Amino acid sequence: MLVPIFTLKLNHKINPRMVAIGKYDGIHPCLTAATQAGKVFIHNPHTRGQRPAAHRLSQSTQDSDISLLNINQAVSCLTAGTLGPNTTGHTLLVGSQTNLLAYDVHDNTDIFYKEVTDGANAIVLGELGDIQYPLAIIGGNCALQGFDFEGNDQFWTVTGDNVRSLVLCDFTADGKNELLVGSEDFDIRVFREDELVTEMAENETVTSLCHMHGSRFGYALANGTVGVYDRTARYWRIKSKNHAMSIHAFDLNDDGVVELITGWSNGKIDARSDRTGEVIFKDNFSSSVAGVVEGDYRMDGQIQLICSSVEGEVRGYLPASKEMKGNLMDASVEQDLIRELSQRKQNLILELRNYEENAKALPGVSEGESKMGVIPANTQLQTALSVRRATESQRAHIELNISTPNETIIRAVLIFAEGIFEGESHVVHPSVQNLSGCVRVPIIPPKDIPVDLHIKAFVGGKTSTQFHVFEITRQLPRFSMYDLSVDPSATQPTGKVTFSINDRPQRVVMWLNQNFLLPEGIDSPDITFTTLRAGGLLKINMQPSGEITLRTDDIDLAGDLIQSLASFLAIEDLQAEADFPVYFKELRATLTEVDEFHSVHQKLTAAMADHSNYIRNMLVQAEDARLMGDWRNMKKRFIELYDLNRDLINEYKIRSNNHNALLARLKSVNRAIQRAGRLRGGGQNNVITACRDAIKNNNINALFKIMRAGTASS
C-alpha cells in the first residue's frame, strides 16, 4: 500500500507522457515536464533564491521554485539522466519533430542541438549492448537514432512504423541492455543494437513501455489495454474504457518485487501485481494523469512515487509501514469489495435455483427434460475454417462453421479473439425462426498474424430454456487470407524473391500446411494462391536444388513469408535476390522528391534568414525615425514591416507543408529499407546498415543494388 506524503499545485499545464525527474546538480532531484506552450518547466524547491543565468532558462513569474526552458517549438518527448562519462549531474534531453536538445540545466548551457529529420516521438537514455557510453535514443518516423554525449550519431536502424514508446532492459538475460520499441503497427520489437531479436504482435498502437525487473516489462496500448510480458510470454493483461497515460514500475508494498503503476485518462492511479494484474492500490486525481515517476523528492533517503496530472497537481507517495498497512483500505476499495461479493452472491443464488428446478424436472416428464436443456450424451461442438472469396454483398473472409452432429440447436455463439473484432469479442445470436445446429461466422483478419479463436456456444434442444455451454479453442493460421483457387485471367506478379535453403521440400510443405488455411494437406511446395485482401497472385516454387522463388507484387508479404519460413527452418542469415520493379520505380520517384524537398527547404530557410535581417534593419530605422520625430518615415517603415511579417507567415506555412511532405517521403524511404532487410531473414541488420550508408553518400544506384542483392558489390 501507498501513503500520500505531499501534494504540490504547480501553475503549469503538463503534456501527457512528458514528465521526468533529474538531478541536474548531481544532488537535488527536480521535477521536469513539458508544457503546451513550447516550454519545459523545472521545479526545484531545494535551492530557493538562486536565479538562473540569462541563456535559455528563465524564472517563472508564477512560482519562484520553477525555472522555464524556452524550446520555441512543440515538445514531443523528454527525459533526464546521465549522458556524459565524467559529468556529475544529469542531462536534460528534449525532443521535437525537427530537433533534439541536450541541455545542462545546472550550467544553463546547450550540450548539443541536433537536427533530426525523422523526428522524435519517444526518447530513452541509457546503455545499449556493447556501445561504450550511454546513448540518447530517439524513435521517430520508422527510424531509431542514438546520440552520445558529444552529439555524435552512434546508432541508427529502422523499424516497421512510427515509434511511440521506448525502454531499455536486459531482455535476453545476457548482462547487456536490449532496446524495446513500441510502434503504430501494433508490434513490440526487441533490438540488440541494430539486430532485431524478436517481435510480439499486439492489437493496437503501443503507447507506453516500462522495465519492471529482469526480462519482465509492462506495456500499454492506445485502446486502454495494460499488461505485463516476461520475454515473449504475456503474463496478464486488462482492458479499460479509459486510456493509460503513463506506466511505471514501483515496489509499493516493500516486498522486493515491483508492481505496475498506471495513470489513467480519467485521473485514476492504480497499482497491479506484476504476476496476476490484481489491483492492490488506487487513488484519484481530478484530471487526467500526465506522468508517473519516482525519486527522493524530500531528500530524506526514501524513494517516493511521484504522480502528476495535466493540470499541474503533483502527489508523492511512500510504501506504508507494516503497522499502517492494515488500516489503508479506503472507503472506495471497501465499497468495491462489497459490490463484488454481492454480485457473486446473486450469481450463486441464481445457479442454485437452476439446480433446484433441474432436480424437480429430472424424475419425470420428457418435456421438462427438454426445457431444462438435457441433450444427448454424444453432443459435441465441431468447427471448420474455410476461405470465402468476395461477393457483391460480402467482402472476402474466413468462414468459421460451428455445428453439432445431432438434432440439438446452437442458441448463441461468443467468440473472443485479439485484433479481429471490435472490443475483441463477437456475439452471434440467431433469431428464434432461424435456429439450427449450424452457425457460420465471417472473420476478416486485418493482418497476417496467427490468432487464437476462443469459442463458447450455447447448445440445447429446440424448446430448451436452459443451455449447455461448450468451449473450444481454434487457431487461425498466420496466412489465412489466401485462396488456392486461381482465376486463369489473373495478372501474373512481376515481383519476386529468390533464395536457397538446405532443407528437404517436405519441410517447406510442413511450413505451408501449418501457416496457410488449406482445405486438405498438400504434398508439394509448388503452389499458387490468390491474395484476398489486395488481389493478385502469390506463387511459391521450389527446385530440387533447394532454390525457392516467391512471386508477388507485395514486398511486405514477401518479407512476412521469408521471416516466417526462416524462423520455421531456423535460418539466421538468408542470401536473397529480390526484384520488385513497380515498387522500386515508386521508391526511385520518392527519393527524387526527397532531394527536391530538401532543396526547397534550404531555399526557404535562406529566404527567412534574409527577411529576418531586413526586419532587424527596419526596426532600427523605424526607432530612429520615432526618436527624431519623423512620423512619415516611421509610418513607412512600419508598413514595410507589416508586409514583411505577412510574407514571413506565408513562407512559414509553405515551409511547414514542405516539412510535412518531406517527413512522409522519408517515412517511405525508411520503410523501404526495413522491407529490404526483412527479405534476408535474421541477417537484416547488415542490409539496413549498408542501405543507410548508401543514402548518406547519396549513392542511389548502390542503394538499389543492396535492396536487390543484399550487398552493393556486383
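Throughout what follows, the structure given in this document is the object of discussion.

How each quantity is defined
- Residues numbered from 1 in each chain as written.
- Predicted model: local features only at pLDDT ≥ 70, side-chain atom pairs only at ≥ 80, totals over all residues.
- Heavy atoms only, no water.
- Phe/Tyr/Trp six-rings, centres within 6.5 Å; stacked < 30°, edge-to-face > 60°.
- Buried < 20%, exposed > 50% of the residue type's maximum accessible area, 1.4 Å probe, protein only.
- Helix = DSSP H or I, 4+ residues; strand = E, 2+ residues; numbered from the N terminus.
- Salt bridge = Lys/Arg side-chain N within 4 Å of Asp/Glu carboxyl O.
- Contact = heavy atoms within 4.5 Å.

**Quick word on the packing of aromatic side chains**
Pairs of aromatic rings are described using the distance from one ring centre to the other and the angle between the two planes.
Working step 1: Following the criterion strictly, the structure yields 16 aromatic pairs and no others.
Working step 2: Seen from their ring centres, Phe479 and Tyr482 are 6.3 Å apart, and the 65 degrees between their planes marks the pair as edge-to-face.
Working step 3: You can call Phe479 buried: its relative accessible area is 0%.
Working step 4: With a centroid separation of 5.2 Å and an interplanar angle of 25 degrees, the aromatic rings of Phe479 and Phe516 are classed as stacked. Here Phe516 lies in the loop between α3 (505-515) and β39 (527-531) and Phe479 lies in the loop between β36 (468-476) and β37 (482-483), a separation of 37 residues in the sequence.
Working step 5: Ring pairs connect the aromatic residues Phe479, Tyr482, Trp511, Phe516 and Phe529, which therefore count as one cluster.

**Notes on the pattern of salt bridges**
Working step 1: One pass over the structure, following the stated rule, counts 37 salt bridges.
Working step 2: Of the charged contacts, one joins Glu199 and Arg678 as a salt bridge, the two residues approaching to 3.3 Å between their closest N and O atoms. One end of the pair, Glu199, is in strand β18 (residues 195-201); the other, Arg678, is in helix α6 (residues 631-678), with 479 residues separating them in the sequence.
Working step 3: Residue class for Glu199 comes out partly exposed when judged on its relative accessible area of 28%.
Working step 4: Look at Arg678 and you get buried, because its relative accessible area is 8%.
Working step 5: In the salt-bridge network here, residues are joined through shared partners; they are Asp185, Asp187, Arg189, Glu199, Arg478, Asp560 and Arg678.

**Points about the environment of Leu435**
Working step 1: For Leu435, the position within the fold is in the loop between β33 (425-428) and β34 (438-443).
Working step 2: Distance from Leu435 to Arg675, taken between C-alpha atoms, is 48 Å for residues 240 residues apart in sequence.
Working step 3: When near neighbours in sequence (up to four residues on either side) are disregarded, Leu435 contacts Ile409, Ile410, Arg411 and Pro430.

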